[in-house]
Amino acid sequence: MTKFDPISLKILWDRLVSISDELVLSLVRTSFSMNVREGYDLSCMVFDSKARLLTQGSYSVPSFTGTAPKAIQHMLKKFPPETLVSGDVIMTNDPWMGTGHLFDINVMRPVFKGKKLVGYTMSVTHLPDIGGKGMSSDCTEIYHEGLRLPVCKLQDKGRLNELIVDLIRTNVRVPEQTIGDLMANVACNEVGGRSLLEFMDEYRLEEIESLADAINLHSELSMREKIKEIPDGNYKNSIQIEGPGYPILLNATVDIRGDKVDIDFSGTDGPVRASINVPFCYTNAQSLYVIKCLTIPGLPNNEGSMRPISVRAPDTCILNAQPPWPTGGRHSVGHFVVPLLMGALAPALPKKVQADAAMMNVFSVQGRHRNGEEISSLFFLAGGLGAMYGLDGRAVTPAPSNMTVVPTEIWENRTSMTIEKRAILENSGGVGKWMGGAGQEVIFRNDTGNPLEFALMGQRTEFSARGLLGGNDGALREYLVNGETVDPKARITLLPGDRITMREAGGGGYGNHKERDLKAIKNDEDMGYVS
């Protein structure tokens, strides 16, 4: 077994991270949809031959933290390593095997050095369409949401499975974009595999298991040391969030003992007949993300960093929903795992936790461009970030996810809609010694000449982002069509010329507003955050 001194380990580790980053860049540059090219709704990973996560791209959606190691186990159960050959590509979009909903495709490629299996690469992207009703809040069964693909071979010995491709193409609204994005996943994994082999040749490595052992052990020990800095205790929190016409209770207990964290969501309400239920893989990812943010955020994601953290949730609760509960809009509930756990740990880590964020606003649009082409895409908007000790929350910044906003010009060109207005909303951020981030007002006009269907998945419309340690709550989110308030989780038909206005929520403040610095107050006024 190869031994690595600290300097060599750092160099090799950074090179592996750069390979994951190259996968990301290849994926973005070859994708067809706005979701990936502009929104960066993706993640890329490298594994060793034992399917242990080695590195994840520096840019990665938090909800994909820790999902890939489970996904690859499902893939290898169906196609054991000894049956794989060079040129095979495995995929699935099963919500309970992947990332929690049908719209994310998980694509894996084994990497061979000669005839020896030395590792795997994997990519995950949000497809622009997968058939069915699309990503929304109004499905009552998983079967309404689109094609659910079991673990299958997209390529067998380098030969494309045309039946699967035709099946997908036949069932989606935008086949060119969907198949284009699918093949971009294949291409980026090809690039990643080639880069991994070049890396091994450069450093004369016959295997990377020894390197994986060293990286994961270092990460595990680093995480355990940081966890030890959190006072031992049993920390609890409960919050209410918007459900399908009634509130949903989320409950968490975080137990810190020495160098271990145990998170338990017992006491959380059950699943609902709306597509906002959350498979456990997504709950687990959000939980890992919180602990990483509060301990050692700069540590690259890998298996070792996750070992000291255990997460569980009853299979009768909405955070561990089982088939056939619908899960398309799982972020509408799953994102609240972050403020739930932050609130639980606030007594232990008051200078590290964040006041509640306004959450990201995701909605899907389906219809027809004025040139006759089909439209099926997501749009990401953001309210304000929650404030922290010593830091104001940023205005219009997504959280807890980090997808980028599609530029106005790109959206207008690809949809033939018009974005009439984007402006900071005054007085929307919660005041405090440190201010919560401001929201924004955005107005979309349907100039396609055709009806458009908007599927809304609104959050923070009834329960505002909480302030922390005396900080005020942020303002609520609101949706209006032609000036009339509409259901934040409805499916809305926008006729030609109609306008939909979205007023994004503000983040929670931190600390007593009477202690805010006078220069900061003047800057708030100059920036239009307060009137």
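Structure's up top.
Predicted model, so just to flag it, every value in this text is computed and none were measured. (Residues numbered from 1 in each chain as written. Predicted model: local features only at pLDDT ≥ 70, side-chain atom pairs only at ≥ 80, totals over all residues. Heavy atoms only, no water.)

A.B. asks: Now, about the overall build of the chain: what can you tell me, with residues and values included?
C.D. replies: When its secondary structure is counted, the chain shows 12 helices and 20 strands. On C-alpha atoms alone, the chain measures out to a radius of gyration of 23 Å, which is about the 24 Å that the 2.2 N^0.38 rule sets for 531 residues. Overall, the C-alpha framework of the chain stretches about 65 × 60 × 45 Å when taken along its three principal axes. Taken over 531 residues, the chain has a buried fraction of 61%. Counting only contacts in the chain whose residues sit at least 6 apart along the sequence, the fraction spanning at least 24 positions is 73%. Charge-centre separation for the chain: the mean point of 55 positive side chains lies 3 Å from the mean point of 63 negative side chains. (Helix = DSSP H or I, 4+ residues; strand = E, 2+ residues; numbered from the N terminus. Rg over C-alpha atoms; globule rule 2.2 N^0.38 Å. Buried < 20%, exposed > 50% of the residue type's maximum accessible area, 1.4 Å probe, protein only. Contact = heavy atoms within 4.5 Å. Lys, Arg positive; Asp, Glu negative; His and termini not counted. Charge placed at Lys NZ, Arg CZ, Asp CG, Glu CD.)

A.B. asks: Could you give an account of the nonpolar core, naming the residues involved and the relevant values?
C.D. replies: Met91, Leu250 and Phe265 are the most contacted members of the largest nonpolar core, which has 127 residues in total. It is helix α1 (residues 6-30) that contributes the most residues to this core, 10 residues altogether. Setting aside residues no more than four positions away along its own chain, Leu250 makes contact with Asn237, Ser238, Ile239, Ile241, Thr268, Ile318, Leu319, Val333, Phe336 and Leu340. Among the nonpolar cores identified, the runner-up in size contains 23 residues, and Val365, Leu381, Trp411 and Val486 belong to it. (Core = buried A, V, L, I, M, F, W, Y, C linked by side-chain atoms within 4.5 Å.)

A.B. asks: Would you mind going over the sheet that holds strand β11 (residues 309-312) in detail, with residue names and values included?
C.D. replies: Pairing is mixed across the open sheet formed by 4 strands, whose spatial order is β8-β9-β10-β11. With partners counted over all chains shown, the strands left at the sheet margins are β8 (233-242) and β11, one partner each. Going across the sheet, the axis of each strand differs from the next one's by a mean of 15°, ignoring polarity. Here β8 runs beside strand β9 (residues 247-257); their pairing, made up of 10 bridges, is antiparallel. (Pairing = 2+ DSSP bridges. Axes fitted to C-alpha atoms, helices over the stretch in contact; angles between N-to-C directions.)

A.B. asks: Could you give an account of unusual backbone geometry, naming the residues involved and the relevant values?
C.D. replies: That bond from Pro323 to Pro324 is cis: its omega, 5°, falls within 30 degrees of zero. Its place among the elements puts Pro324 in the loop between β11 and α9 (331-334). Between Ala399 and Pro400 the backbone carries a cis peptide bond, its omega angle lying at 0°. On the secondary structure map, Pro400 appears in the loop between β13 (374-382) and α11 (408-415). Despite not being glycine, Val396 shows a phi value in the positive range, around 35°. For Val396, the position within the fold is in the loop between β13 and α11. In this structure, Asn482 is a non-glycine residue whose phi angle is positive, near 50°. Locating Asn482 in the fold gives a position in the loop between β17 (478-481) and β18 (484-485).

A.B. asks: If you had to explain helix α7 (residues 280-295) to someone new, which residues and values would you point to?
C.D. replies: Taking 1.5 Å of rise per residue, 16 residues should cover 22 Å, and α7 covers 23 Å from first to last C-alpha, within 8% of that figure. When you tally the buried positions in α7, you get 13 out of 16 residues, the bulk of the element. (Expected span 1.5 Å × (residues − 1).)

A.B. asks: I'd like a description of the sheet that holds strand β20 (residues 499-503), backed by residues and values.
C.D. replies: Pairing is antiparallel across the open sheet formed by 5 strands, whose spatial order is β14-β15-β20-β17-β18. With partners counted over all chains shown, the strands left at the sheet margins are β14 (418-424) and β18, one partner each. Looking at chain direction, β17 and β20 are connected through 4 bridges and run antiparallel. If you follow Glu478 over to β20, its bridge partner there is Arg503. Packing of α11 onto the sheet brings it into contact with β14 and β15 (440-445), and relative to β14 it is tilted by some 155°.

A.B. asks: Before we move on, could you go through the side chain of Ser332 and cite the residues and values that matter?
C.D. replies: By secondary structure assignment, the location of Ser332 is in helix α9. Given a relative accessible area of 2%, Ser332 falls into the buried group. Leaving out residues up to four positions away in the same chain, Ser332 has contacts with Ile241, Ile276, Met457 and Gln459.

A.B. asks: I'd like to hear about empty space enclosed by the protein, residue by residue, with values.
C.D. replies: Going through the model one piece at a time under the given rule, you end up with 3 cavities of 30 Å³ or more. Sorting the residues of the lining of the largest cavity by element identifies β12 (360-368) and β13 as the ones contributing at least two each. Across the lining of the largest cavity, the residue classes tally to 9 nonpolar, 6 polar and 3 charged. Here the second largest cavity is characterised by a volume of approximately 80 Å³. As for the second largest cavity, its lining consists of 14 residues, and the residues nearest its centre are Pro128, Met135, Ser364, Ser376 and Leu378. Counting residues per element, the ones that place at least two in the lining of the second largest cavity are β12 and β13. Each residue belonging to the lining of the second largest cavity can be placed in one class, and the counts come to 6 nonpolar, 7 polar and 1 charged. (1 Å grid on protein atoms, 1.4 Å probe; cavity = no way out; pocket = protein on both sides within 12 Å on 5 of 7 lines; lining within 4 Å. Points joined across faces, edges and corners; volume = space filled by probe spheres on them. Nonpolar A, V, L, I, M, F, W, Y, C, P; charged D, E, K, R; others polar.)

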